[in-house]
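One letter stands for each residue in the lines below.
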Amino acid sequence: MPKASGVVQIAAGVALGAGLAFASKYISKLKPRKPLRVLITGAAGQIGYALAPQVATGNMLGSDQPIILHLLDVEPAKNSLEGLRMELVDGAYPLLEAVHTFTDVAAACKGVDVAVMVGGYPRKAGEERKDVMAKNVSIYQQQASALEANASKNVKVVVVANPANTNALILAENAPSIPRENISCLTRLDHNRALGQISERTGKHVDEVKNVIIWGNHSSTQYPDVNHGTVAGKPIRQAVNDDAWLNGDFITTVQQRGAAIIKARGLSSALSAANAVCNHVRDWVRGTPSGAWTSMGVVSDGSYGVKEGLVYSFPVRCCCGKWTVVQGLAIDAASRERLTATEAELVEERDLALQCLAERK
Ligand SMILES: NC(=O)C1=CN([C@@H]2O[C@H](COP(=O)(O)OP(=O)(O)OC[C@H]3O[C@@H](n4cnc5c(N)ncnc54)[C@H](O)[C@@H]3O)[C@@H](O)[C@H]2O)C=CC1
Ligand SMILES: O=C([O-])CC(=O)C(=O)O
C-alpha cells in the first residue's frame, strides 16, 4: 500500500472513530421515550393471552417504545389475570416497564394512551356475531364513561369484541368527549385474511399484495374488495386471472373465515386477532407504509355515501397519528350493492343495540 494512502486511511479511521464516539454520546443523552400505557380489557381471555406478549415485544408500538400494561378482566377471572401478569414478568421483556392488573374498569382506564377493548363474550359455532349483541353492547355502554373520565385525552381506542362495529358505535355515543376519530374497530384481521388468500392463490409473498379493502361490517356481510389492489405491482384481477373465484369463493372465504376457525379450533381466532390488533394500532400511530393503505372501522363522515355516524370499515391512510379515508376510488355497480348491503346490516345492528340497551333500563 502506498504510504500516502495509508495515512489517509488512518486519518479516515480516526475521524470515523471520533464521529461514532460523538454519536453514541449524543444518543445516550437523548431523552428516553416516555412509556405509553396500553389497556387490554378481557385480558384473561384467549386474545389477551396472545396479545399482551406481542405488545410487550414492541409489535404494536415499536421496538423503541417502553410500555406499561393495564390488564382488565372481571372478578371471577382474577386468578387467571394474575397468572398472565406473572408470566409477563417472567418474560423479562426489555420494553415492559410495568404490568398492572385490575377488576375495576375506572382504575384500569387511568391515564391510558391506547385502549384495546377485547372484553366480552365470543360467539359459539352456529351463531352470528350479532347473536352476542345483548351481552356485549351493555359492557361497551358502561365502559365508555370509564374511558372518557379516566383515559388520556388523546386515547386511541380499538374495539375488538363482537359485534365490533356496533360496540364501537355504542362506545362513541356514550363517550362524547373522546374525539370521534379516536374510536375505531378492528377489521384489520379481515384485511389480512384477504391478503393471505390472494398470496396463496398467486404464490406471491404476502408482502407483495397491497391495497385490498374491507368495506363495512366485521361480519359475514363485509365486502373484501380487490378492485384497487395489486400483486407485485400488477392489478389483482390480472394477477389472479380468475374473476369467478375473486367474485365468489374469495369473498365468502374471507367473510366466513372467523366461523371456519371456530369450527376448526372450537375457539375463535386469537393469534391472528392479536397480530391484527398490533398491525392496526402500529399503522395508526406510526403511519401506513408509503403508497399503501389499510382497512379500519371508523366513524363514517359520509364518505362513499355511507350514513354518517355508523362505524364502517373504509380504506384509510394513516400519518402522524391520524387516519384519513382514501377518497376517489371508483365503485362499480356490483361493489355499490355490497357496500349498501353491509351498511344496511350496520343500521339494523345499531337499532337492535339501542333496543337492547333501552330494554335493560
Ligand atoms: N374483531 C375481530 O376481528 C375479532 C373479534 N373477536 C371477539 O373478541 C372477543 C374476545 O374473544 P376471546 O378473547 O376469544 O374471548 P374469551 O372469552 O377468551 O375472552 C374474553 C374475556 O373478556 C372477559 N370479560 C367479559 N366481560 C368483561 C367485562 N365487562 N370487562 C372486562 N372483561 C370482560 C371475560 O372474562 C374473558 O376473559 C369476542 O367478542 C370475540 O368474538 C375475536 C376474534 C377476532
Ligand atoms: O368470528 C368470530 O366470532 C371471531 C371473529 O370475529 C373473527 O375471527 O373474525
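The model shown is predicted, which means the values in this text are computed figures rather than measured ones.

> Would you mind showing me how to read the overall build of the protein chain here?
Along its length, the protein chain carries 13 helices and 14 strands. Here the C-alpha atoms of the protein chain give a radius of gyration of 23 Å, agreeing with the 21 Å that 2.2 N^0.38 yields for 361 residues. Projecting the C-alpha coordinates of the protein chain onto the three principal axes gives extents of approximately 85 × 55 × 40 Å. Partitioning the contacts of the protein chain with sequence separation of at least 6, the portion at a separation of at least 24 is 72%.

> Looking at this model, I keep getting lost on the UniProt feature "domain: Lactate/malate dehydrogenase C-terminal" (unreviewed entry) in the protein chain. Mind explaining?
Cross-referencing UniProt, the feature "domain: Lactate/malate dehydrogenase C-terminal" (unreviewed entry) maps to residues 187-351 in the present numbering. Taken end to end, residues 187-351 is 46% helix and 19% strand, and its first and last C-alpha atoms sit 21 Å apart.

> Whenever I open this one, the site of ligand 2 confuses me. Can you help?
In the neighbourhood of ligand 2, the contacting residues comprise Pro122, Arg123, Arg129, Asn162, Leu189, Gly258, Ala259, Ile261, Ile262, Ser268 and Ser269. In terms of residue class, the shell around ligand 2 is built from five nonpolar, four polar and two charged.

> Could you clarify how one ought to interpret the pairing of strand 12 (residues 294-299) in this entry?
Along any regular strand, the residues point their side chains to alternate faces of the sheet. Strand 12 sits mainly inside the fold: six of its six residues count as buried. Bridge count between strand 6 (residues 183-185) and strand 12: two bridges; the pairing is antiparallel. Bridge pairing in strand 12 links Ser184 to Val298. As defined by bridge partners, strand 12 adjoins strand 13 (residues 311-319) across six bridges and the pair is classed as antiparallel. By the bridge assignment, Val299 is partnered in strand 13 with Val311.

> What's the story with the sheet that holds strand 11 (residues 234-235) in this structure? I'm lost.
Working definition: the strands of a sheet are paired by backbone hydrogen bonds and lie parallel or antiparallel to each other. Sheet architecture is open: three strands sit in the order 7-10-11, paired in antiparallel fashion. If you trace the sheet from one side to the other, it starts and ends with strand 7 (209-210) and strand 11, each paired once.

> Quick question: what am I supposed to make of the site of ligand 1 here?
In the vicinity of ligand 1 there are 28 residues, among which Gly42, Gly45, Ile47, Gly119 and Ala161 approach most closely. Broken down by class, the residue content of the shell around ligand 1 amounts to 16 nonpolar, ten polar and two charged. For the shell around ligand 1, the two domains that each supply at least three residues are domain 1 (36-185) and domain 2 (187-350).

> Could you clarify how one ought to interpret the confidence of the model for the protein chain in this entry?
Keep in mind that low pLDDT regions are not for reading the predicted coordinates in detail. When pLDDT is averaged along the protein chain, the result is 92, and 91% of the positions lie at 70 or above. For residues 1-5, every residue scores under 50 in pLDDT, and the model assigns this stretch one contact once sequence neighbours within four places are set aside. Counting contacts from residues 24-29, a segment whose pLDDT is below 50, to residues more than four positions away or on other chains yields zero contacts. Here the prediction assigns the complex a pTM of 0.92, and the interface score ipTM is 0.99.

> I would appreciate a short explanation of the UniProt feature "active site" (unreviewed entry) in the protein chain in the present structure.
Annotation from UniProt places "active site" (unreviewed entry) at His218. Take His218: it is sitting in the loop between strand 8 (213-215) and strand 9 (223-225). If sequence neighbours within four positions are ignored, His218 has contacts with Ala164, Asn165, Cys185, Leu186, Thr187, Asp190, Gly297 and Ser313.

> How should I be thinking about the pairing of strand 13 in this particular structure?
Buried residues dominate strand 13, accounting for seven of its nine residues. Two elements, strand 13 and strand 14 (residues 322-325), share four bridges in a ladder whose sense is antiparallel. Bridge pairing links Arg317 to Thr324 in strand 14. Adjacent in sequence and paired antiparallel, strand 13 and strand 14 are bridged by two residues, among which Cys320 carries a positive phi angle near 55°.

> Would you explain the nonpolar core in this entry?
What tends to happen in soluble globular proteins is that the nonpolar side chains get buried as a cluster. Among the nonpolar cores identified, the biggest contains 77 residues, and Leu69, Val116, Val159 and Val160 are the most heavily contacted of them. Considering every element that reaches this core, the biggest residue donor is helix 5 (residues 133-150), with seven residues. Here this core spans two domains, since at least three of its residues come from each of domain 1 (36-185) and domain 2 (187-350). Excluding anything up to four places from it in sequence, Val160 contacts Ile47, Val116, Met117, Val118, Leu186, Ala273 and Val277. If you look at the next biggest cluster of nonpolar residues, it comprises 16 residues, including Ile198, Val209, Ile214 and Val231.

> What am I meant to see in the sheet that holds strand 3 (residues 96-102) here?
Judged by pairing direction, the sheet is mixed, and its nine strands sit side by side in the order 3-2-1-4-5-6-12-13-14 without closing on themselves. Strand pairing shows two members of the sheet lacking a second neighbour, strand 3 and strand 14, which therefore form its edges. Each neighbouring strand pair of the sheet contributes to a mean axis angle of 30°, computed without reference to strand direction. With six bridges connecting them, strand 2 (residues 67-72) and strand 3 associate as parallel partners.

> Is there a simple way to explain helix 2 (residues 46-56) in this structure?
Residues lying three or four places apart along an α-helix face the same way, a consequence of the helix completing one turn every 3.6 residues. Within helix 2, burial applies to Ile47, Gly48, Leu51, Ala52, Val55 and Ala56. Taken end-on, helix 2 shows its buried residues confined to a sector of 140°, consistent with a single buried face. Packing partners of the buried residues in helix 2 comprise strand 1 (36-41), strand 2, helix 3 (78-90), strand 3, strand 4 (114-117) and helix 12 (271-286).

Definitions and limits used
Residues numbered from 1 in each chain as written. Chains lettered and ligands numbered in written order. Predicted model: local features only at pLDDT ≥ 70, side-chain atom pairs only at ≥ 80, totals over all residues. Helix = DSSP H or I, 4+ residues; strand = E, 2+ residues; numbered from the N terminus. Rg over C-alpha atoms; globule rule 2.2 N^0.38 Å. Contact = placed C-beta atoms within 7 Å. UniProt positions renumbered as here; feature names shortened; annotations may be inferred. Near = placed C-beta within 6 Å. Nonpolar A, V, L, I, M, F, W, Y, C, P; charged D, E, K, R; others polar. Buried ≥ 20, exposed ≤ 12 C-beta atoms within 10 Å, placed from the backbone. Pairing = 2+ DSSP bridges. Domains from an automatic or database assignment. pLDDT = per-residue confidence, 0-100. Core = buried A, V, L, I, M, F, W, Y, C linked by C-beta atoms within 7 Å. Axes fitted to C-alpha atoms, helices over the stretch in contact; angles between N-to-C directions. Arc of directions from axis to C-beta.

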